[in-house]
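Topology and contacts: notes
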Amino acid sequence: GDSVTQMEGPVTLSEEAFLTINCTYTATGYPSLFWYVQYPGEGLQLLLKATKADDKGSNKGFEATYRKETTSFHLEKGSVQVSDSAVYFCALSEEGRRDDKIIFGKGTRLHILP
Amino acid sequence: DAGVTQSPTHLIKTRGQQVTLRCSPKSGHDTVSWYQQALGQGPQFIFQYYEEEERQRGNFPDRFSGHQFPNYSSELNVNALLLGDSALYLCASSFRQTYEQYFGPGTRLTVT
């Protein structure tokens, strides 16, 4: 079945450092790919999305490019802030079908030190 | 525009009891999906309701059941609670099963 694998955390960085969180997926069809973020004490929020190969999703300085050839969707940010501390989930869904359940990775906890 | 709302926020139950969790979808949405997020894990899909019927189901036992009402709100019921059912239960709503899902804040269930 479809699955998502992301790098294990926690990841600890200093403020203004460059961030990469790796994510790879396995899917039989042509999924949409997502990054969700969960801030402490809050619900899941969609951070960014890409629906087809070579699309780049971006939001709040974060970016991720849908790479079909490597089945990857790595999350990057050039300069992280303390407020970026959260848990990040890579996910996929077979959007466009009735079966649009979202399949999540296990999450990567990010700590940013001032 | 109200987003997805869930009640209650927290719940403590004893093993063997039954629990009902509630979800109101975002305005304009007609599809509700439920997810279970165990501590330190990603959310796992439980089931999805559309047009008051269960349309898709994940790998969860029959102790987990649900309902969708004509106003699109939904309930998740869990019978014969086990310690392992302790988790954050997330509700997500979308439009016509084919659009982006919006998540509620979740209900934290603790089974003792």
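Only a predicted model underlies this, so the values are computations on that prediction, with no experimental measurement involved. (Residues numbered from 1 in each chain as written. Chains lettered and ligands numbered in written order. Predicted model: local features only at pLDDT ≥ 70, side-chain atom pairs only at ≥ 80, totals over all residues. Heavy atoms only, no water.)

1. Looking at the environment of Gly61 of chain A
Within the secondary structure, Gly61 of chain A is located in the loop between strand 7 (56-59) and strand 8 (62-65). The sequence separation of Gly61 of chain A and Val80 of chain A amounts to 19 residues, and the corresponding C-alpha distance is 8.7 Å. (Helix = DSSP H or I, 4+ residues; strand = E, 2+ residues; numbered from the N terminus.)

2. A closer look at the state of the cysteines
Scanning all chains against the criterion turns up two disulfides over all chains. Paired through a disulfide, Cys23 of chain A and Cys90 of chain A show a sulfur-sulfur distance of 1.9 Å. Taking the sign of the S-S torsion, about -70 degrees here, the bridge from Cys23 of chain A to Cys90 of chain A comes out left-handed. On the criterion of sequence distance, the pair formed by Cys23 of chain A in strand 4 (residues 23-26) and Cys90 of chain A in strand 10 (residues 86-93) is long-range, its members being 67 residues apart. Linked covalently through their sulfurs, Cys23 of chain B and Cys91 of chain B form a disulfide whose S-S length is 1.8 Å. Because the sign of the S-S torsion sets the handedness, a value of about -55 degrees for the bond joining Cys23 of chain B and Cys91 of chain B places this disulfide among the left-handed ones. With Cys23 of chain B in strand 3 (residues 19-24) and Cys91 of chain B in strand 9 (residues 87-94), this residue pair connects regions lying 68 residues apart in the sequence. When its relative accessible area of 1% is taken as the criterion, Cys23 of chain B is described as buried. (Disulfide = S-S within 2.5 Å. Buried < 20%, exposed > 50% of the residue type's maximum accessible area, 1.4 Å probe, protein only.)

3. Overview of the pairing of strand 10 of chain A
All names here are of chain A. With eight of eight residues buried, strand 10 is to be regarded as a mostly interior element. Here strand 5 (residues 32-38) runs beside strand 10; their pairing, made up of seven bridges, is antiparallel. Counterpart to Leu33 in the pairing with strand 10 is Leu92. The pairing of strand 10 with strand 12 (residues 108-113) spans three bridges and is classified as antiparallel. Bridging across to strand 12, Val87 finds its partner in Arg109. One ladder, built from three bridges, connects strand 10 with strand 11 (residues 102-104); its direction is antiparallel. Bridged to Leu92 within strand 11 is Ile103. (Pairing = 2+ DSSP bridges.)

4. Focus on the sheet that holds strand 3 (residues 19-21) of chain A
Residue and element names in this part refer to chain A. Sheet architecture is open: four strands sit in the order 3-9-8-7, paired in antiparallel fashion. This sheet does not close on itself; its edge strands, each paired only once, are strand 3 and strand 7. Within the sheet, the average angular offset between the axes of one strand and its neighbour, ignoring direction, is 15 degrees. (Axes fitted to C-alpha atoms, helices over the stretch in contact; angles between N-to-C directions.)

5. A look at the pattern of salt bridges
All names here are of chain A. Counted according to the given criterion, the structure contains seven salt bridges over all chains. In this structure, the salt-bridge partner of Glu63 is Lys56, at a minimum N-O distance of 3.6 Å. By relative accessible area, which is 33% here, Glu63 ends up partly exposed. Ionic pairing is found between Asp84 and Lys77, a salt bridge with its closest N-O pair at 2.7 Å. With a relative accessible area of 6%, Asp84 lands in the buried category. (Salt bridge = Lys/Arg side-chain N within 4 Å of Asp/Glu carboxyl O.)

6. Side note on the nonpolar core
By size, the foremost hydrophobic cluster in this structure holds 27 residues, and its most contacted members are Trp35, Leu47, Leu48, Phe73, Leu75 and Tyr88 of chain A. The greatest single-element share of this core, amounting to four residues, is contributed by strand 10 of chain A. Those residues in contact with Tyr88 of chain A that lie beyond four places of it in its chain are Gln6, Ile21, Trp35, Tyr36, Val37, Leu47, Phe62, Leu75, Gly107, Thr108 and Leu110 of chain A. Among the nonpolar cores identified, the runner-up in size contains 20 residues, and Leu21, Val32, Cys91 and Leu109 of chain B belong to it. (Core = buried A, V, L, I, M, F, W, Y, C linked by side-chain atoms within 4.5 Å. Contact = heavy atoms within 4.5 Å.)

7. Brief notes about the packing of aromatic side chains
Across all of its chains, the model carries 12 aromatic pairs over all chains by this definition. Ring geometry for Phe104 of chain A against Phe103 of chain B: centres 5.9 Å apart, planes inclined by 75 degrees, an arrangement best described as edge-to-face. Here Phe104 of chain A is found in strand 11, whereas its partner Phe103 of chain B is found in strand 10 (residues 102-103) on a different chain. We note that Phe104 of chain A, like Phe103 of chain B, is buried. Taken together, a centroid distance of 5.2 Å and an interplanar angle of 65 degrees make the contact between Phe60 of chain B and Phe64 of chain B edge-to-face. (Phe/Tyr/Trp six-rings, centres within 6.5 Å; stacked < 30°, edge-to-face > 60°.)

Everything listed here is a matter of geometry and, on its own, says nothing about what the molecule does.
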